Amino acid sequence: MDNTPVRDHFGRLLKDLRISVIDKCNFRCTYCMPKEIFGHDYPFLPESELLSFEEIVRLARQFAALGVTKIRITGGEPLLRKDLHELIEELYQIDGIKDIALTTNAVLLPKQAKKLKAAGLQRVNISLDGIEDEVFKQINGRGVGVQPVLKGIEAAIAAGLKVKLNMVVKKGMNESQILPMARYFKDKDVILRYIEFMDVGNHNGWDMKNVISKQEIINKIHTEMPVEAVEPNYEGEVASRFRYLDGIGEVGVISSVTDSFCSSCTRIRLSADGKLYTCLFASGGYDIKSKLREGCDDRQLRYDLARLWGRRKDRYSDERAESGKSNRKKIEMSYIGG
Ligand code: SAM
Ligand code: SF4
Ligand code: SF4
């Protein structure tokens, strides 16, 4: 099958596919799935609505034919999806897919890290929003301490996976953890990346007042442990990189609020129930599952995917920066994945 790159309305290539494999989670992070909303009666997707592994792989193959080289598995909590390693194994065999990564809260990694690595997984991004138990327990909404996550990190490293850490920073929630996290992970085998609190979803009470900017985060670190900016590893890398001047370690900041990067956004997202979203902040998705289940052939599927990307005009974070407003109804982060 020919690999035919496709470009959107602004000339951006389609290169990354993010696949959400489940909308459920074992955490209730306050900024993502606040427990007051995502309680017992929340209408999570029934199993029959989830794409099967076979359907996901079939779609991923068509995406690879259109130029996708990287796949990220996310959720909800992707490690809750049964036999996830089997999916990774099949994705790994697709022609053109060079990189498979996973985003997880890591609690289930000690049991799964080896299997995932053997299946072809190369990298994990582990979310950890604080290094002090009391702060972290409050944030994850389930009273889980830091230890299970640290165990997950260890298991990932021991299995040979490359590890990056993601810490969402929100004013009033965990700014106290910016320095302790930097100190703790500086000389460990992981790269810590701070993420500006974003206005994803409709339930996390986002307000610009609660955003701690990339500049504030870096200033804080710099006063104690001097850093300097370094070049991105590759074009379109979302995190700005900073290295410690003493030569040990680096940190990154993902600044989708105060320094947006829509012009280099090459990502498409597939939800667990088979909808495609050309932007994290989209209000609606394209129902590709119906096409699959109606018996659409591969050629038609590729045509639909290419047309969807070709029409893409999304640049939400740039627009938010220009207008200072966040006033769109959006899909939930736990549904679409990060
Ligand atoms: N459950 C997995 C995890 O937490 O790593 C994967 C899914 S989670 C939705 C993916 C990433 O989105 C996590 O790193 C999480 O911290 C981040 N995230 C969720 N809500 C966010 C928000 N409002 N602002 C910034 N990042 C957010
Ligand atoms: Fe779950 Fe990840 Fe959302 Fe936290 S950020 S509630 S771990 S999906
Ligand atoms: Fe990409 Fe949308 Fe985020 Fe801009 S706002 S970087 S277009 S996902």
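The rules behind these values
Residues numbered from 1 in each chain as written. Chains lettered and ligands numbered in written order. Predicted model: local features only at pLDDT ≥ 70, side-chain atom pairs only at ≥ 80, totals over all residues. Heavy atoms only, no water. Near = heavy atom within 4 Å. Helix = DSSP H or I, 4+ residues; strand = E, 2+ residues; numbered from the N terminus. Nonpolar A, V, L, I, M, F, W, Y, C, P; charged D, E, K, R; others polar. Buried < 20%, exposed > 50% of the residue type's maximum accessible area, 1.4 Å probe, protein only. Pairing = 2+ DSSP bridges. Right-handed = clockwise from strand over helix to strand, strands pointing away. Expected span 1.5 Å × (residues − 1). Arc of directions from axis to C-beta. Contact = heavy atoms within 4.5 Å. Axes fitted to C-alpha atoms, helices over the stretch in contact; angles between N-to-C directions. Phe/Tyr/Trp six-rings, centres within 6.5 Å; stacked < 30°, edge-to-face > 60°. Lys NZ or Arg CZ within 6 Å of the ring centre and 35° of its normal.

1. Comments concerning the site of ligand 3
Close to ligand 3 lie Phe 261, Cys 262, Cys 265, Arg 267, Arg 269, Cys 279, Leu 280, Phe 281, Arg 312, Asp 314, Tyr 316 and Ser 317, which account for all nearby residues. The set of elements that each furnish at least two residues to the shell around ligand 3 consists of strand S10 (267-270) and helix H10 (316-323). Of the residues contributing to the shell around ligand 3, the split by class is seven nonpolar, one polar and four charged.

2. Here's the deal with the pairing of strand S1 (residues 16-20)
Strand residues, when the strand is regular, have side chains that alternate between the two faces of the sheet. Counting buried residues along S1, five of its five residues qualify, which places the element largely inside the surrounding structure. Residues Asp 16, Arg 18 and Ser 20 point to one face of S1 and Leu 17 and Ile 19 to the other, with burial holding for every one of them. Here S1 pairs with strand S2 (residues 70-74) via five bridges, running parallel. By the bridge assignment, Ile 19 is partnered in S2 with Ile 73. In this fold, S1 hands off to helix H1 (residues 53-65), which returns the chain to S2; that crossover is right-handed. Pairing analysis gives four bridges linking S1 to S10, with the strands arranged parallel. Residue pairing across strands places Ile 19 opposite Leu 270, the latter belonging to S10.

3. Describing helix H9 (residues 298-310)
Counting along an α-helix, one turn takes 3.6 residues, and residues three or four places apart therefore face a common direction. Helix length check: H9 (13 residues) gives 18 Å between terminal C-alpha atoms against 18 Å at 1.5 Å per residue, within 8%. Of all the residues in H9, the buried ones are Leu 301, Asp 304, Leu 305, Leu 308 and Trp 309. Looking straight down H9, one finds its buried side chains confined to an arc of 130 degrees; they lie on one side. Along H9, the residues that are exposed and aim more than 90 degrees away from the buried face are Arg 299 and Tyr 303.

4. Describing the sheet that holds strand S7 (residues 227-230)
Pairing is mixed in the open sheet, where 12 strands are placed in the order S7-S8-S9-S6-S5-S4-S3-S2-S1-S10-S11-S12. Unpaired on one side and paired on the other, S7 and strand S12 (286-287) mark the two borders of the sheet. As judged from the four bridges shared by strand S6 (residues 191-196) and strand S9 (residues 250-254), these two strands associate in the parallel manner. Opposite Tyr 194, over in S9, you have Val 253 as the bridge partner. Against the sheet, helix H2 (residues 84-92) touches S1, S2 and strand S3 (99-104), its axis set at about 170 degrees to S2.

5. What about the packing of aromatic side chains?
For any two aromatic rings, the description comes down to two numbers: the centre-to-centre distance and the angle of the planes. Overall, the coordinates contain six aromatic pairs when judged by the stated rule. Summarising the aromatic geometry, the rings of Phe 38 and Tyr 42 are spaced 4.4 Å apart at their centres and angled 40 degrees between planes, so their arrangement reads as tilted. What makes Tyr 42 partly exposed here is its relative accessible area of 25%. For the ring pair Tyr 184 and Phe 185, a centre distance of 4.7 Å and an interplane angle of 70 degrees mean the geometry is edge-to-face. Of the residues examined, Tyr 184 reaches a relative accessible area of 32% and is grouped as partly exposed. Judged by its relative accessible area of 4%, Phe 185 is buried. Linked through ring pairs, Phe 38, Tyr 42 and Phe 44 together constitute an aromatic cluster. When the ring centre of Tyr 244 is taken as reference, the NZ or CZ atom of Lys 186 above it lies at 4.7 Å. In this structure, Lys 188 packs its charged tip against the face of Tyr 184, placed 4.4 Å from the ring centre.

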